[in-house]
Amino acid sequence: MAKRHTDPLGLHSALEDWMLPVLVAAMSFLAALAVAGALASTVLAAQWQNDTAAALTIQVPQPDAPDTANNATRLAAVQAALQTMPGVTSPRLLSVDALNHLLAPWLGADAAALGLPLPAVITATWSGPGPGDAIAAALNKLAPGTLAQTGVQWAARVTALTGSLQTCAAAVLVIVALVGGALVALATRAGLAQRRETIEIIHGLGAQDGDIASRFASRATVLAVAGAAAGALLALPVLLWLAALAAPFSGLPQLGGLQHGLAGLPPALWTALPCLPLAAAVIGWSSAQLTVRGWLRKLV
Amino acid sequence: MIRFDDVWLKYRHQDRGPGALARDVLRGVDFKIPDGGFRWLTGPSGAGKTTLLKLIYLAEHPTQGRIDIMGTHAAKISRRDAALLRRRIGVVYQDFRLLAHLSAYDNVALPMRLARRAEHQVHADVTEILRWVGLANRLGALPDELSGGEQQRVAIARAVVGRPKLLVADEPTGNLDDEQAGRLMTLITALNRLGTTVIVATHNHALVSAYPAPRLEMAEGRLTAHG
Ligand SMILES: Nc1ncnc2c1ncn2[C@@H]1O[C@H](COP(=O)(O)OP(=O)(O)O)[C@@H](O)[C@H]1O
Ligand SMILES: [Mg+2]
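## Some points on the coordination of the magnesium ion (ligand 2)
Okay, step 1: Around the magnesium ion (ligand 2), the protein contributes the donor atoms Thr-50 of chain B (OG1) and Gln-94 of chain B (OE1), which lie 1.9 to 2.5 Å from the metal centre. On the criterion of sequence distance, the pair formed by Thr-50 of chain B in helix α1 (residues 49–56) and Gln-94 of chain B in the loop between β6 (89–92) and α3 (104–114) is long-range, its members being 44 residues apart.

Printed below as a string of structure tokens:
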């Protein structure tokens, strides 16, 4: 009663409709998932890209045969060449045991003992530019048939995939924002229609369009922010669960318990989640302002 | 000064049935009222009195012709300035137009609050004017809890509380008894003496003869007498 006069449009009961905050909460929930998806794919891609791009694998078939120059074995020639190649660091010859271990799933526990003509495998780290085709060419001169592969092409594919995931997330965010704006506009229109007479009277008493619009906009903002905050909070447990699933791949600490779970979320998400109510405020305010001002133009 | 210069009006949204279609409600209305003037506006029901008043308080646009209100060409005014001008015009609507969810006090306070007056000023002026119209003991009542005559007095209080430069009243005594009508006229003439321009549309011939003043008389959308 006492507060009535501060609310001549009776807006405390207008737009009280639970629909608006609930639908905005749903939108905010979707937005949180989209943002989390975009961030997660970025984090994972960064990990994978580093690992993949840097991996250099060299296979030397018939390692014990003499090399082209007939100076040493093919393996020794390749190993010597790798020592001096720019961009190639810490080459390591896989032991027979290690090779057996790698082949075991396909060839059984003792593949090497089968007497198959296995190549020698050298792993190294590649930090040079480009996909490293030059390595293969150079090594082939010493030991024809030598294969050298870097992860650069794979890394490029991961980048493309991450890019499309982020584009999808951005599209979801844009759609969510548009739908959110439309929801606010609809709720505001309903509120205006319900109060048509009151608004006409206040307009006739000399209220500026801006006065009336800001009353509606403040109310819409409160409801939108409440809805968006609720949606973001509801998304949190889902995000924690997803973070727990992703932990083995993300290189982030894989620990139990809620606190550790919270720590497992990418830090950028802690910035992004509070932005949802903020974005809802901006969208709610501007959508209501535009709707009311447009509607008021009908009045002389 | 208020000036009407060959004003015609046809309602754009014909919501009064097919009979009202495409009919000129005002047909070449011409008059002037000097600042501080007083005019009665008379004529049979349907003559166009309310329509003419709506043009004065900026609730309609003429279809044709020029209107100046307090020295401002009404067609040239921005929305912002129109709102500011409306704050200087007190209007008593034929159908009161009180806000149903606000008390008598808050209804009367509304124009002052829209004009962002200080709350102590609002309190002083609103209680004084409501006492003047005999509603000092009904400040907290909602319009629904008031009789027709009481509602009309709240509407009158709201129209005059901001000491308007122009007061427009559309049949303000329709629901009042003779004594209340007399009090209202005392209030209106007092405002008029303080410089407010006043136009009162009425059917009440006794009232018109009790307070002699120039008359705008209408019939079928035309002024049949002026002065
Ligand atoms: N909003 C409106 N739309 C269409 N016709 C209207 C509207 N208001 C009034 N009229 C018509 O205009 C004429 C004048 O009405 P009004 O100005 O209310 O007369 P008065 O106040 O003298 O009784 C009437 O015929 C009425 O039916
Ligand atoms: Mg009338």
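## Quick notes on the pattern of salt bridges
Okay, step 1: Scanning all chains against the criterion turns up 12 salt bridges over all chains.
Okay, step 2: Between Arg-3 of chain B and Asp-5 of chain B there is a salt bridge whose closest N-O contact spans 3.4 Å.
Okay, step 3: What makes Arg-3 of chain B partly exposed here is its relative accessible area of 27%.
Okay, step 4: The partner of Arg-113 of chain B in a salt bridge is Glu-119 of chain B, and the shortest N-O contact between them spans 2.5 Å.
Okay, step 5: Exposure remark for Arg-113 of chain B: the relative accessible area of 17% places this residue in the buried category.
Okay, step 6: When salt bridges that share partners are traced, they join Asp-211 of chain A together with Arg-87 and Arg-116 of chain B into one network.

## So, the sheet that holds strand β9 (residues 215–219) of chain B
All names here are of chain B.
Okay, step 1: Within the open sheet, the six strands sit side by side as β6-β7-β8-β3-β9-β10. Their pairing is mixed. Each end of this open sheet is capped by a strand with a single partner; those strands are β6 and β10 (222–226). On average, each strand axis in the sheet is inclined to that of its neighbour by 15°, with strand direction left out of account.
Okay, step 2: Here strand β3 (residues 38–42) runs beside strand β8 (residues 197–201); their pairing, made up of four bridges, is parallel. Note that in β8 the partner of Leu-41 across the bridge is Ala-201.

## Focus: the nonpolar core
Residues and elements named next belong to chain B.
Okay, step 1: Counting 38 residues, the largest nonpolar core has Val-108, Val-126 and Ile-188 as its most contacted members.
Okay, step 2: Setting aside residues up to four positions removed in sequence, Val-108 forms contacts with Val-126, Ile-129, Leu-130, Val-154, Ala-157, Arg-158 and Val-161.
Okay, step 3: Formed by 32 residues, the second largest nonpolar core is a distinct cluster that contains Ile-2, Tyr-57, Leu-58 and Val-168.

## Side note on a nonpolar patch on the surface
Okay, step 1: A cluster of nonpolar side chains, contributed by Trp-18, Met-19, Val-22 and Leu-23 of chain A, occupies part of the molecular surface with about 380 Å² of accessible area.
Okay, step 2: With respect to the helices, strands and loops of the structure, Met-19 of chain A is situated in helix α1 (residues 19–54).

Definitions and cut-offs
- Sequence order as written defines residue numbering, which begins from 1 separately in each chain.
- Both sets of labels track the order of writing: A upward for chains, 1 upward for ligands.
- At least 70 in pLDDT is required for a residue's local features to be given in this predicted model, at least 80 for side-chain atom pairs to be given and counted, and no such filter applies to totals for whole chains, interfaces and linings, which use all residues.
- Working from all heavy atoms in the structure, the side-chain values ignore hydrogens and water.
- A donor here means an N, O or S atom no more than 2.8 Å from the metal, or no more than 3.2 Å when the metal is Na, K or Ca. Since water is not included, a site may seem to lack partners.
- Helical segments are the DSSP runs of H or I of at least four residues, strand segments are the runs of E of at least two, and each set is numbered from the N terminus.
- For this analysis, a salt bridge means a side-chain nitrogen from Lys or Arg found within 4 Å of a carboxyl oxygen belonging to Asp or Glu.
- Three exposure classes are used, based on accessible area relative to the maximum for each residue type with a 1.4 Å probe and protein chains only: buried under 20%, partly exposed in between, and exposed over 50%.
- Here the rule is simple: two strands pair whenever DSSP picks up at least two bridges between them.
- Simply put, an axis is a line fit to the C-alpha atoms, just over the touching stretch for a helix, and the angle between two N-to-C directions goes from 0 to 180 degrees.
- Take the buried residues of types Ala, Val, Leu, Ile, Met, Phe, Trp, Tyr and Cys, join any two whose side-chain atoms come within 4.5 Å, and each joined set is a nonpolar core.
- Between two residues, a contact is recorded if the distance between any of their heavy atoms is within 4.5 Å.
- Each patch groups residues whose relative accessible area exceeds 30% and which form no salt bridge, using 9 Å between like charges and 5 Å between nonpolar side chains of Val, Leu, Ile, Met, Phe, Trp and Tyr.
- Exposure was quantified through the Shrake-Rupley algorithm and a 1.4 Å probe, taking into account, for residues, occlusion by the shown protein chains and nothing else.

So far we have only geometry, and geometry alone does not tell us how the molecule works.
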